[in-house]
Amino acid sequence: MTRRTILLLILAGLLGISALWAYQEMTDQRQAARRAAIDLAECRKAAERIEALRRQPALAQQNQRATNETIGLIEKSAKAAGLTEAMLVRTVPEHPQRLGDTVYLEKPTRVQLKKISLVQFVEMTHRILTDRNRLHAKAMHISAPSAEDTGSLWNVELVLTYLIYDPPKIQK
């Protein structure tokens, strides 16, 4: 054998080894890409589920929120809407009541406002009724401050509620 033939055989052997190594590396990377695609699909499903749960309306509090928290939220919203303390006459929390035959209690808070504009009322109510606060307007009564008054100021009585999850206790 000539020196040239030996060098060609060595070169062919090294090329073969390099090709096998490259093929093995490509196979490993292909498997990693498949695993990554599966992980991505699972992550997208989880993200869709989280987004669906996030968009779903919150039905009830897990327990009763502090009365002071609800009153504080009402006062903060009233102040942001430009109402004075004289306009926010009364905020009265009432006792929770079972909602039919369900596992929920409804906790009402009665709010009385005097001589406010409709713009102030709408702004305050909008701030209170955002999804994050989980409060709902159950009833509202709007009236003129007096029979002769045809101005832009109104008296408002508003009943705000939120739900509390409270399944009945089972007697043993």
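Since we're looking at a predicted model, the values are computed, not measured. (Residues numbered from 1 in each chain as written. Predicted model: local features only at pLDDT ≥ 70, side-chain atom pairs only at ≥ 80, totals over all residues. Heavy atoms only, no water.)

Quick look at the packing of aromatic side chains now. This structure, assessed with the given rule, holds one aromatic pair. The interplanar angle of 65 degrees and the centroid separation of 6.0 Å between the aromatic rings of Y104 and Y165 together place this pair among those described as edge-to-face. Taken together, the residues Y104 in strand β3 (residues 104-117) and Y165 in strand β5 (residues 153-165) connect sequence positions 61 residues apart. (Phe/Tyr/Trp six-rings, centres within 6.5 Å; stacked < 30°, edge-to-face > 60°. Helix = DSSP H or I, 4+ residues; strand = E, 2+ residues; numbered from the N terminus.)

Among the 14 residues that make up β3, ten are buried, leaving the element largely enclosed by the rest of the structure. Relative to β3, strand β1 (residues 88-93) is paired through five bridges, and the arrangement is antiparallel. Its bridge partner lying in β3, R90 is registered against Q112. As paired elements, strand β2 (residues 97-98) and β3 share two bridges and run antiparallel to each other. Residue R98 lies in a different strand from β3, and its bridge partner there is L105. (Buried < 20%, exposed > 50% of the residue type's maximum accessible area, 1.4 Å probe, protein only. Pairing = 2+ DSSP bridges.)

Summarising the element assignment, E106 is placed in strand β3. Exposure remark for E106: the relative accessible area of 11% places this residue in the buried category. Polar side-chain contacts of E106 include one of 3.0 Å to the side chain of K138. Discounting residues that sit within four places of it in the chain, E106 has contacts with H95, P96, Q97, L99, K138, T161, Y162 and L163. (Polar contact = N/O pair within 3.5 Å; in protein donor to acceptor, adjacent residues only side chain to side chain. Contact = heavy atoms within 4.5 Å.)

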